[in-house]
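For reference, the chains in residue letters:
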Amino acid sequence: MLSYVHAYHAGNHADILKHLTLSLILEHLCKKEKPFCVIDTHAGSGLYALDDSRALKTGEAKTGVEKMINSSVRYLKFFDIIQKYYEKSLYPGSPLIENMYLRPGDEQILCELHPTAFEELENCFYKRRKECREKGLSFIEPALHKRDGYEFLKAVTPPKIKRGVCIVDPSFEDASDFEKCGEVISVVHKKWPAGIIALWYPLVEHRSSEITMMKERISGSVEATEPKILDIQMEIKRKEDMTGLASLYGSGMFIVNFPYQLDEEMKSVLPELSKILADTAGEWSVELR
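Each value, and the rule that gives it
Just so you know, the residues in each chain are numbered from 1, in the order the chain's sequence is written. At least 70 in pLDDT is required for a residue's local features to be given in this predicted model, at least 80 for side-chain atom pairs to be given and counted, and no such filter applies to totals for whole chains, interfaces and linings, which use all residues. For the side-chain quantities, the full set of heavy atoms in the structure was used; hydrogens and water were omitted. Relative accessibility decides the category of a residue: with a 1.4 Å probe and only protein chains considered, values under 20% of the type maximum give buried, values over 50% give exposed, and everything between is partly exposed. Here a helix means four or more residues in a row that DSSP labels H or I, a strand means two or more in a row labelled E, and each is numbered from the N terminus. The rule for pairing is simple: two strands pair if DSSP sees at least two bridges between them. To define axes, lines are fitted to C-alpha atoms, for helices over the stretch in contact only, and angles between the resulting N-to-C directions are given on a 0 to 180 degree scale. Angle categories are assigned with fixed cut-offs, so that under 35 degrees is roughly parallel, over 145 is roughly antiparallel, 65 to 115 is roughly perpendicular, and the rest are oblique. What makes a crossing left-handed is the near helix being turned counterclockwise from the far one by less than a right angle; a clockwise turn instead makes it right-handed. Contact between two residues is taken to exist if any of their heavy atoms lie within 4.5 Å; hydrogens are not considered. Following the grouping adopted for this structure description, the nonpolar residues are Ala, Val, Leu, Ile, Met, Phe, Trp, Tyr, Cys and Pro, the charged ones are Asp, Glu, Lys and Arg, and the polar ones are all others, Gly among them. As used in this record, nonpolar core signifies buried Ala, Val, Leu, Ile, Met, Phe, Trp, Tyr and Cys residues forming a set joined through side-chain atoms within 4.5 Å. For this analysis, a ring pair means two rings from Phe, Tyr or Trp (six-membered ring only for Trp) whose centres lie within 6.5 Å, classed as stacked if their planes differ by under 30 degrees, edge-to-face if by over 60, and tilted for the remaining angles. Two conditions define a charge located above a ring, namely a distance within 6 Å from the ring centre to NZ of Lys or CZ of Arg, and an angle within 35 degrees of the ring normal.

A. Seen up close, the pairing of strand β4 (residues 107–111). With respect to burial, β4 is a largely interior element, 4 of its 5 residues being buried. Bridge count between strand β1 (residues 37–40) and β4: 4 bridges; the pairing is parallel. When the bridges of β4 are listed, Val-38 appears paired with Gln-108. Sheet topology note: the β4/strand β5 (residues 143–145) ladder contains 3 bridges and is parallel. The partner of Leu-110 across the bridge, within β5, is Leu-144.

Next up, the structure:
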C-alpha cells in the first residue's frame, strides 16, 4: 500500500527489534572475508527526523530508540549507530544501517515503490556518499530500484553473490501482505536456498490467523533435517489491553537459514531489551523450527 508512511513510526519498539536482529545477522556475515549481498525489499526513506511533525504526532520513538538511548545497554555496533544519529534527532532506517556494515566487494540492493520515500532514499545516500568522501571513508554504492518489493525479490534472486541476507518488512496494513510474504518467501527460498531471509511481522490480535498461515506456508517450503527457521517475538504491551485496528502489541522476526548461534544471542539480549521497551513486564520468545 502506498498510503503507509514510516516517518510516523520511525524508531519505535518494532524498529529496535528489527534493526537489532538485522545488525546481529550482518555481524555474522562480516566474520568471514567472503563478500556478501544485502537485499531490502521495502527500504523506506533510509533516514528519519525524530523532530519531524509526523514523528512528533505519534511519539512512537519514545517507545523505542529514546528508551534504548537512556538505558545502560550496549549491543555491539547497533547501539553506536543509533546513538550517533539520535544525537542529531535522527533515526537510521535499515538501508543506512546495512550500508555501514558493507566492505569492498559486498553488494547492497534496495527496493522502494513509494515515490516520496524513494526520493528520500536517493537523497539519504547522496548525503551518505558525500559524508564518506569528505571523511575519506569507503562507500559501497547501493543499487536502488523503484519497484514492487514482492515482484522485485523474485526477479533479483538468486543474486550474483550467493552469500547474503534479504530483509522483508512490508507495512502489513493490507491483509494480503501476509499471504504475499508467505508465497514470495517460499518461492525465493527454493531459488536461493543458501540465502538468509529475515521477515519482520507485527503482532496484532486481529491478524493472528493470517500470521499463523504465513509462517506455516514458509515453514512448509523449507526442507531440513534440523531447524533452519528462527522465530523471535517480543511483546511490549498486553494484547488483551489493545483494541481496534491500531492494536500492535509487539512484533517478531521470522528468519530462514539463521546464522549459527543467533538463537543463543537473542536469548541473551531479549530479557533485558523487553524490560527496557515494555510498558509492563515484557514477554519474549525464541523458537526453532
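B. How the structure looks around the packing of helix α1 (residues 13–29) against helix α5 (residues 94–101). Running from N to C, α1 and α5 point in directions that differ by 20°, and their axes come no closer than 10 Å. When the axis of α1 is compared with that of α5, the two are roughly parallel. Helix-helix and strand crossings are classified by hand; for α1 and α5 the assignment is right-handed. Residues His-19, Leu-22, Ser-23, Leu-26 and Glu-27 of α1 form the contact with α5, whose own contacting residues are Ser-94, Ile-97, Glu-98 and Tyr-101. Within the contact of α1 with α5, the residues separate by chemical class into 4 nonpolar, 3 polar and 2 charged.

C. Molecular detail of unusual backbone geometry. Thr-157 connects to Pro-158 through a cis peptide bond whose omega is 0°. With respect to the secondary-structure elements, Pro-158 resides in the loop between α7 (149–156) and β6 (164–168). Its identity is not glycine, yet Ser-89 carries a phi of approximately 60°, on the positive side. Tracing the sequence through the fold places Ser-89 in the loop between α4 (76–86) and β3 (90–92). Located in the positive-phi region is Phe-172, a residue other than glycine, with phi close to 60°. As for its position among the elements, Phe-172 is in the loop between β6 and α8 (176–191).

D. Quick peek at the nonpolar core. One finds Ile-16, Met-68, Leu-199, Ile-255 and Leu-273 to be the most contacted residues of the largest nonpolar core, which totals 87 residues. Examining the composition of this core, we find that 9 residues originate from one element, α1, more than from any other. Here Ile-255 is in contact with Thr-21, Ile-25, Ile-196, Ile-197, Ala-198, Lys-228, Ile-229, Leu-230, Ile-232 and Leu-262, once residues within four sequence places are set aside.

E. Quick peek at the packing of α5 against helix α6 (residues 115–135). Close contact between α5 and α6 brings their axes to 11 Å; oriented N to C, the two are set at 30°. Looking at the two axes, α5 sits roughly parallel to α6. Between α5 and α6 lies a crossing of right-handed hand. Residues Pro-95, Leu-96, Asn-99 and Met-100 of α5 form the contact with α6, whose participating residues are Leu-121, Cys-124, Phe-125 and Arg-128. Looking at the contact of α5 with α6 residue by residue, the classes come out as 6 nonpolar, 1 polar and 1 charged.

F. Region of the structure containing the packing of aromatic side chains. The full count for this structure, using the stated rule, is 2 aromatic pairs. The interplanar angle of 50° and the centroid separation of 6.1 Å between the aromatic rings of Phe-172 and Trp-200 together place this pair among those described as tilted. Separated by 28 residues along the polypeptide, Phe-172 in the loop between β6 and α8 and Trp-200 in strand β7 (residues 196–204) bring together distant segments of the chain. A single burial state applies to Phe-172 and to Trp-200, both of which are buried. An aromatic cluster is defined as three or more aromatic residues linked by ring pairs; in this entry it consists of Phe-172, Phe-178 and Trp-200. Taking the ring centre of Trp-200 as reference, the NZ or CZ of Lys-18 above it sits at 5.6 Å. We note Lys-77 situated over the ring of Tyr-101; from NZ or CZ to the ring centre the distance is 4.6 Å.

G. View of the sheet that holds strand β10 (residues 283–288). One open sheet holds the 8 strands; their spatial order is β5-β4-β1-β6-β7-β9-β8-β10, and the pairing between them is mixed. In this open sheet, the two strands that pair with only one neighbour each are β5 and β10. Between one strand axis and the next, the sheet turns through 15° on average, direction left out of account. Sheet topology places β6 next to β7; 4 bridges connect them, and they run parallel. Bridging from a neighbouring strand, Cys-166 pairs with Ile-197 of β7.

H. Spotlight on the pairing of β1. Where burial is concerned, the two faces of β1 agree: the one with Cys-37 and Ile-39 and the one with Val-38 and Asp-40 are both buried. Pairing between β1 and β6: 4 bridges, direction parallel. Following the sheet pairing, Cys-37 is matched in β6 by Gly-164.

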